[in-house]
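Examining the three-dimensional arrangement
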Amino acid sequence: MGASFWAAVEARDAVIDGDLTRAKERADFLAHESFAALPGRYRFWVGQVQLTAGNAAVAAGDDDAAHWVAELALTCGNCHRYANRDTEGKLPELASPPVAAGEDLHARMHRHMQAADDLWMGLARPSDAAWNRGARLLNEAPPEPPVREGEAVDPRVTEQLNQIKALGLRAITASTPHQRADVYGEFLARCPRCHVLVAR
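Residues numbered from 1 in each chain as written. Predicted model: local features only at pLDDT ≥ 70, side-chain atom pairs only at ≥ 80, totals over all residues. Heavy atoms only, no water.

1. Some remarks on unusual backbone geometry
So the rule is basically this: Going along the chain from the N terminus, every DSSP run of H or I of four or more residues is numbered as a helix, and every run of E of two or more is numbered as a strand.
Geometrically, the link from Arg125 to Pro126 is a cis peptide bond, its omega value of -20° lying close to zero. Residue placement: Pro126 occurs in the loop between helix H5 (105-124) and helix H6 (128-139). The phi angle at Glu149 is positive, at roughly 55°, despite the residue not being glycine. Along the chain, the position of Glu149 falls in the loop between strand S1 (147-148) and strand S2 (151-152).

Here it is, written out as C-alpha coordinates:
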(Lines give C-alpha, C1' and ligand atoms only; values in the text may rest on other atoms or scores of the structure.)
Protein backbone atom coordinates (compact mmCIF):
# COMPACT_ATOMS: atom_id res chain seq x y z
CA MET A 1 0.00 0.00 0.00
CA GLY A 2 2.98 2.31 0.33
CA ALA A 3 3.18 2.96 -3.42
CA SER A 4 -0.56 3.65 -3.47
CA PHE A 5 -0.29 6.15 -0.64
CA TRP A 6 2.52 8.06 -2.33
CA ALA A 7 0.80 8.02 -5.71
CA ALA A 8 -2.24 9.62 -4.07
CA VAL A 9 -0.10 12.20 -2.26
CA GLU A 10 1.78 13.00 -5.46
CA ALA A 11 -1.54 13.50 -7.27
CA ARG A 12 -2.63 15.86 -4.51
CA ASP A 13 0.64 17.81 -4.60
CA ALA A 14 0.36 18.14 -8.38
CA VAL A 15 -3.12 19.61 -7.99
CA ILE A 16 -1.75 22.10 -5.47
CA ASP A 17 1.02 23.03 -7.93
CA GLY A 18 -1.46 23.42 -10.78
CA ASP A 19 0.16 20.57 -12.72
CA LEU A 20 -2.93 18.84 -14.08
CA THR A 21 -0.94 16.52 -16.34
CA ARG A 22 1.10 15.16 -13.44
CA ALA A 23 -1.97 14.86 -11.20
CA LYS A 24 -3.78 12.80 -13.83
CA GLU A 25 -0.72 10.62 -14.47
CA ARG A 26 -0.35 9.70 -10.79
CA ALA A 27 -4.08 9.08 -10.47
CA ASP A 28 -3.98 6.85 -13.55
CA PHE A 29 -1.12 4.85 -11.99
CA LEU A 30 -3.24 4.27 -8.90
CA ALA A 31 -6.31 3.39 -10.97
CA HIS A 32 -4.40 0.56 -12.65
CA GLU A 33 -2.16 -0.61 -9.79
CA SER A 34 -2.40 -4.27 -8.83
CA PHE A 35 -3.76 -4.98 -5.36
CA ALA A 36 -3.72 -8.75 -5.79
CA ALA A 37 -1.76 -9.25 -2.57
CA LEU A 38 -4.58 -7.81 -0.44
CA PRO A 39 -7.09 -10.21 1.16
CA GLY A 40 -10.33 -10.70 -0.73
CA ARG A 41 -12.39 -8.85 1.88
CA TYR A 42 -10.83 -5.61 0.63
CA ARG A 43 -11.90 -6.17 -3.00
CA PHE A 44 -14.84 -3.77 -2.76
CA TRP A 45 -12.67 -1.00 -1.31
CA VAL A 46 -9.92 -1.55 -3.87
CA GLY A 47 -12.57 -1.11 -6.54
CA GLN A 48 -13.74 2.13 -4.94
CA VAL A 49 -10.20 3.49 -4.71
CA GLN A 50 -9.49 2.63 -8.34
CA LEU A 51 -12.82 4.03 -9.54
CA THR A 52 -12.16 7.32 -7.76
CA ALA A 53 -8.57 7.46 -9.00
CA GLY A 54 -9.85 6.76 -12.51
CA ASN A 55 -12.19 9.74 -12.28
CA ALA A 56 -9.26 11.91 -11.19
CA ALA A 57 -7.21 10.57 -14.12
CA VAL A 58 -9.73 11.93 -16.63
CA ALA A 59 -10.51 15.17 -14.79
CA ALA A 60 -11.71 17.96 -17.06
CA GLY A 61 -9.69 20.64 -15.28
CA ASP A 62 -8.04 21.75 -12.05
CA ASP A 63 -11.28 22.05 -10.05
CA ASP A 64 -12.47 18.63 -11.19
CA ALA A 65 -9.12 17.07 -10.31
CA ALA A 66 -9.19 18.74 -6.88
CA HIS A 67 -12.64 17.30 -6.23
CA TRP A 68 -11.66 13.75 -7.17
CA VAL A 69 -8.38 13.84 -5.26
CA ALA A 70 -10.31 14.88 -2.15
CA GLU A 71 -12.75 12.04 -2.80
CA LEU A 72 -9.77 9.71 -3.15
CA ALA A 73 -8.57 10.65 0.34
CA LEU A 74 -12.08 10.04 1.65
CA THR A 75 -12.21 6.61 -0.02
CA CYS A 76 -8.88 5.64 1.50
CA GLY A 77 -10.21 6.67 4.91
CA ASN A 78 -13.36 4.60 4.43
CA CYS A 79 -11.24 1.53 3.71
CA HIS A 80 -9.05 2.16 6.74
CA ARG A 81 -12.14 2.57 8.89
CA TYR A 82 -13.51 -0.73 7.53
CA ALA A 83 -10.21 -2.41 8.38
CA ASN A 84 -10.61 -1.24 12.00
CA ARG A 85 -7.19 0.36 11.97
CA ASP A 86 -6.10 2.57 14.87
CA THR A 87 -6.71 5.64 12.78
CA GLU A 88 -6.01 8.18 15.50
CA GLY A 89 -2.82 6.88 17.09
CA LYS A 90 -0.33 9.54 18.10
CA LEU A 91 -0.01 12.48 15.77
CA PRO A 92 3.38 14.13 15.43
CA GLU A 93 3.74 17.41 17.22
CA LEU A 94 3.90 20.38 14.89
CA ALA A 95 4.76 23.93 15.80
CA SER A 96 1.83 26.00 14.59
CA PRO A 97 2.70 29.34 13.00
CA PRO A 98 2.13 32.19 15.45
CA VAL A 99 -1.12 34.08 15.07
CA ALA A 100 -0.02 37.68 14.84
CA ALA A 101 -0.62 40.73 12.71
CA GLY A 102 1.89 41.28 9.93
CA GLU A 103 2.32 37.62 8.95
CA ASP A 104 4.33 37.52 5.75
CA LEU A 105 3.33 35.60 2.66
CA HIS A 106 5.94 32.87 3.23
CA ALA A 107 4.54 32.18 6.71
CA ARG A 108 0.99 32.10 5.33
CA MET A 109 2.02 29.58 2.66
CA HIS A 110 3.72 27.46 5.33
CA ARG A 111 0.47 27.56 7.31
CA HIS A 112 -1.42 26.33 4.25
CA MET A 113 1.09 23.54 3.60
CA GLN A 114 0.67 22.23 7.14
CA ALA A 115 -3.10 22.46 6.80
CA ALA A 116 -3.05 20.60 3.47
CA ASP A 117 -1.21 17.70 5.14
CA ASP A 118 -3.37 17.67 8.27
CA LEU A 119 -6.66 17.81 6.41
CA TRP A 120 -5.44 15.07 4.07
CA MET A 121 -4.62 12.82 7.01
CA GLY A 122 -7.93 13.74 8.58
CA LEU A 123 -9.66 12.20 5.58
CA ALA A 124 -7.28 9.41 4.57
CA ARG A 125 -6.22 8.09 7.96
CA PRO A 126 -8.99 9.07 9.01
CA SER A 127 -8.36 11.23 12.07
CA ASP A 128 -10.58 13.82 13.70
CA ALA A 129 -7.55 15.22 15.53
CA ALA A 130 -5.60 15.77 12.30
CA TRP A 131 -8.62 17.27 10.55
CA ASN A 132 -9.37 19.66 13.40
CA ARG A 133 -5.75 20.77 13.61
CA GLY A 134 -5.69 21.56 9.89
CA ALA A 135 -9.00 23.39 10.08
CA ARG A 136 -7.73 25.56 12.92
CA LEU A 137 -4.56 26.39 10.99
CA LEU A 138 -6.66 27.86 8.19
CA ASN A 139 -9.23 29.58 10.36
CA GLU A 140 -6.73 31.09 12.81
CA ALA A 141 -4.74 32.89 10.12
CA PRO A 142 -4.47 36.60 10.92
CA PRO A 143 -7.29 38.66 9.37
CA GLU A 144 -4.81 41.23 8.06
CA PRO A 145 -3.45 40.64 4.53
CA PRO A 146 0.08 39.20 4.59
CA VAL A 147 3.01 41.21 3.34
CA ARG A 148 5.66 40.24 0.79
CA GLU A 149 9.11 41.72 1.28
CA GLY A 150 7.52 44.44 3.37
CA GLU A 151 4.93 45.35 0.72
CA ALA A 152 1.23 44.59 0.55
CA VAL A 153 0.36 41.62 -1.65
CA ASP A 154 -1.80 41.88 -4.76
CA PRO A 155 -5.44 42.44 -3.70
CA ARG A 156 -6.40 39.41 -5.79
CA VAL A 157 -4.10 37.29 -3.64
CA THR A 158 -5.68 38.76 -0.52
CA GLU A 159 -9.12 37.78 -1.81
CA GLN A 160 -7.99 34.19 -2.40
CA LEU A 161 -6.46 34.03 1.08
CA ASN A 162 -9.66 35.36 2.63
CA GLN A 163 -11.61 32.64 0.85
CA ILE A 164 -9.22 30.00 2.20
CA LYS A 165 -9.53 31.40 5.72
CA ALA A 166 -13.32 31.13 5.37
CA LEU A 167 -12.88 27.50 4.29
CA GLY A 168 -11.15 26.93 7.61
CA LEU A 169 -14.37 27.82 9.42
CA ARG A 170 -16.33 25.52 7.14
CA ALA A 171 -13.80 22.77 7.87
CA ILE A 172 -14.30 23.24 11.62
CA THR A 173 -18.08 22.95 11.29
CA ALA A 174 -18.09 20.10 8.72
CA SER A 175 -19.76 17.24 10.56
CA THR A 176 -19.55 14.34 8.09
CA PRO A 177 -16.69 12.83 6.05
CA HIS A 178 -18.43 13.86 2.81
CA GLN A 179 -18.75 17.47 3.97
CA ARG A 180 -15.07 17.40 4.88
CA ALA A 181 -14.13 16.05 1.45
CA ASP A 182 -16.14 18.84 -0.21
CA VAL A 183 -14.29 21.47 1.81
CA TYR A 184 -10.92 19.86 1.10
CA GLY A 185 -11.64 19.74 -2.62
CA GLU A 186 -12.43 23.46 -2.60
CA PHE A 187 -9.24 24.17 -0.66
CA LEU A 188 -7.11 22.24 -3.15
CA ALA A 189 -8.80 23.97 -6.08
CA ARG A 190 -7.91 27.40 -4.69
CA CYS A 191 -4.20 26.64 -4.31
CA PRO A 192 -3.17 26.93 -8.00
CA ARG A 193 -5.33 30.02 -8.49
CA CYS A 194 -3.39 31.81 -5.79
CA HIS A 195 -0.02 30.42 -6.90
CA VAL A 196 -0.52 31.85 -10.40
CA LEU A 197 -1.07 35.31 -8.91
CA VAL A 198 1.86 35.03 -6.48
CA ALA A 199 4.21 34.08 -9.32
CA ARG A 200 3.51 37.32 -11.19
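2. Structural notes on the pattern of salt bridges
Cut-off, in case you're wondering: Here a salt bridge means any side-chain nitrogen of Lys or Arg lying within 4 Å of a carboxyl oxygen belonging to Asp or Glu. Relative accessibility thresholds used throughout: buried, under 20% of the residue-type maximum; exposed, over 50%; partly exposed, between the two (1.4 Å probe, protein chains only).
Scanning all chains against the criterion turns up 13 salt bridges. Across the pair Arg22 and Glu10 runs a salt bridge, and its minimum N-O distance is 3.8 Å. Here the residue Arg22 occupies a position in helix H2 (residues 20-32), and Glu10 occupies one in helix H1 (residues 2-17), the gap between them amounting to 12 residues. Here Arg22 falls in the partly exposed class, since its relative accessible area comes to 37%. The partner of Arg156 in a salt bridge is Asp154, and the shortest N-O contact between them spans 2.7 Å. In this structure Asp154 comes out as partly exposed when scored by relative accessible area, which is 28%. In the salt-bridge network here, residues are joined through shared partners; they are Glu10, Arg22, Glu25 and Arg26.

3. Remarks on the packing of helix H3 (residues 43-57) against helix H4 (residues 62-82)
Put simply, the test is: To obtain an axis, a line is fitted to C-alpha atoms, over the contacting stretch when the element is a helix, and the angle between two such axes runs from 0 to 180 degrees between their N-to-C directions. Angles below 35 degrees are treated as roughly parallel, those above 145 as roughly antiparallel, those between 65 and 115 as roughly perpendicular, and all remaining angles as oblique. Any two residues whose heavy atoms approach within 4.5 Å at even a single point are treated as in contact. All amino acids are sorted into three groups, where Ala, Val, Leu, Ile, Met, Phe, Trp, Tyr, Cys and Pro are nonpolar, Asp, Glu, Lys and Arg are charged, and the leftover types, Gly among them, are polar.
Running from amino to carboxyl end, H3 crosses H4 at an angle of 175°, the nearest separation of the two axes being 9 Å. In terms of axis orientation, H3 runs roughly antiparallel to H4. Facing H3, whose interface residues are Trp45, Gln48, Val49, Thr52, Ala53, Asn55 and Ala56, H4 presents Trp68, Glu71, Leu72, Thr75, Asn78, Cys79 and Tyr82. A per-class count over the contact of H3 with H4 returns eight nonpolar, five polar and one charged.

4. Some words on H5
For clarity, the cut-off: By this rule, a helix spans an expected 1.5 Å times one less than how many residues it contains. Side-chain atoms alone can form a polar contact between residues adjacent in sequence; in general such a contact is a pair of N or O atoms within 3.5 Å, and within protein one must be able to donate a hydrogen while the other accepts it.
With 20 residues, H5 extends 28 Å from end C-alpha to end C-alpha; this agrees with the ideal 28 Å at 1.5 Å per step. The opening residue of H5, the one whose side-chain oxygen lies 3.2 Å from the backbone nitrogen of His106, is Asp104.

5. Digging into the state of the cysteines
Put simply, the test is: Here, a disulfide means two cysteine sulfur atoms that sit within 2.5 Å of each other.
Enumeration according to the criterion identifies zero disulfides in this entry. Note on Cys79: no disulfide assigned, nearest cysteine sulfur contributed by Cys76 at a separation of 7.6 Å. For the unlinked cysteine Cys191, the closest cysteine sulfur is that of Cys194, found at 8.1 Å.

6. Points about the confidence of the model for the chain
Which entries qualify depends on this criterion: Scored between 0 and 100, pLDDT is the confidence that the predictor attaches to each residue.
Chain-level statistics for the chain give a pLDDT mean of 89 and a share of 90% at 70 or above. At the low end of the mean pLDDT range in the chain sits S2, at 86; at the high end sits H2, at 96.

7. Structural notes on the side chain of Arg108
Positionally, Arg108 belongs in helix H5. Here Arg108 falls in the buried class, since its relative accessible area comes to 3%. Within polar-contact distance, the side chain of Arg108 engages the backbone oxygen of Glu144 at 3.3 Å. Ignoring any residue separated from it by four or fewer positions in sequence, one finds Arg108 in contact with Glu103, Ala141, Pro142, Glu144, Pro146 and Leu161.

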